[in-house]
Amino acid sequence: MPKYVFIYHAPPMPADASPPEPEQVQEMMDAWYGWARSVGENLIDLGTPLAGGVHVDPDSVSGSTKEVAGYSILVADNMDAAVELAQSHPHLNMPGGCSIEVHEAEPLPGA
């Protein structure tokens, strides 16, 4: 079954914003874990939050301009099925215009 990488995008928290209350964090995590249970064995790796990205190219290193907040790895029958799993993800309901990119992880050539 093909693997799919979900890349979570979220706007950065404004510097002057108050951190979320512990109850809000728990509510969000409960929603994520509920989603993880709902996708069952399709979930290979729930992933982790990401921060402090660095863009590296042949000539320079700079701070990333992408708003990447985390990732997950799942299996699904096809891209449509993977997108359906993404559409039910609570990340899409977070404030600020959050989104998910879905990429198929293709096998390495010659492997």
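First things first, this report covers the structure right here in the doc.

How each quantity is defined
Residues numbered from 1 in each chain as written. Predicted model: local features only at pLDDT ≥ 70, side-chain atom pairs only at ≥ 80, totals over all residues. Heavy atoms only, no water. Helix = DSSP H or I, 4+ residues; strand = E, 2+ residues; numbered from the N terminus. Buried < 20%, exposed > 50% of the residue type's maximum accessible area, 1.4 Å probe, protein only. Contact = heavy atoms within 4.5 Å. Areas by Shrake-Rupley, 256 points an atom, 1.4 Å probe, with all protein chains shown as cover. Pairing = 2+ DSSP bridges. Axes fitted to C-alpha atoms, helices over the stretch in contact; angles between N-to-C directions. 1 Å grid on protein atoms, 1.4 Å probe; cavity = no way out; pocket = protein on both sides within 12 Å on 5 of 7 lines; lining within 4 Å. Points joined across faces, edges and corners; volume = space filled by probe spheres on them. Nonpolar A, V, L, I, M, F, W, Y, C, P; charged D, E, K, R; others polar. Phe/Tyr/Trp six-rings, centres within 6.5 Å; stacked < 30°, edge-to-face > 60°.

What to know about the overall build of the protein
And step 1. Helix and strand counts for the protein come out as 2 helices and 6 strands.
And step 2. The order of α-helices and β-strands along the protein, N terminus first, is β-α-β-β-β-β-α-β.
And step 3. The principal-axis extents of the C-alpha atoms in the protein amount to approximately 50 × 45 × 20 Å.
And step 4. Evaluated residue by residue, the protein yields a buried proportion of 23% over its 111 residues.
And step 5. Relative to all contacts within the protein whose residues are 6 or more apart in sequence, the contacts with residues 24 or more apart total 73%.
And step 6. For the protein, the accessible area works out to roughly 7,800 Å², and carbon and sulfur atoms hold 55% of it.

Points about the sheet that holds strand E6 (residues 99-105)
And step 1. In spatial order, the strands read E2-E5-E1-E6; together these 4 strands make up an open sheet with antiparallel pairing. Edge strands, defined here as strands with exactly one partner in the open sheet, are strand E2 (43-45) and E6. Across this sheet, the average inter-strand angle for adjacent strands is 30°, counted without regard to direction.
And step 2. Two elements, strand E1 (residues 3-9) and strand E5 (residues 68-75), share 7 bridges in a ladder whose sense is antiparallel. Bridging across to E5, Phe6 finds its partner in Ser72.

Some remarks on the layout of surface pockets
And step 1. Counted as a void, the largest pocket has a volume near 1,100 Å³.
And step 2. Lining the largest pocket are 35 residues; nearest its centre among them are Ala10, Met28, Ala69, His91 and Met94.
And step 3. Looking at side-chain class alone, the lining of the largest pocket contains 24 nonpolar, 9 polar and 2 charged residues.

Describing the packing of aromatic side chains
And step 1. By the definition in use, this model includes 2 aromatic pairs.
And step 2. Ring plane angle 45° and centroid distance 6.2 Å describe the contact between Phe6 and Trp35, whose orientation is recorded as tilted. You can see Phe6 sitting in strand E1 and its partner Trp35 sitting in helix H1 (residues 22-39), a full 29 residues away along the chain.
And step 3. Look at Tyr8 and Trp32: their rings are 4.9 Å apart centre to centre, the planes differ by 65°, and that puts the pair in the edge-to-face class. Here Tyr8, found in strand E1, pairs with Trp32, found in helix H1; they are 24 residues apart in sequence, far enough to count as distant. In this pair, the class of Tyr8 matches that of Trp32, namely buried.

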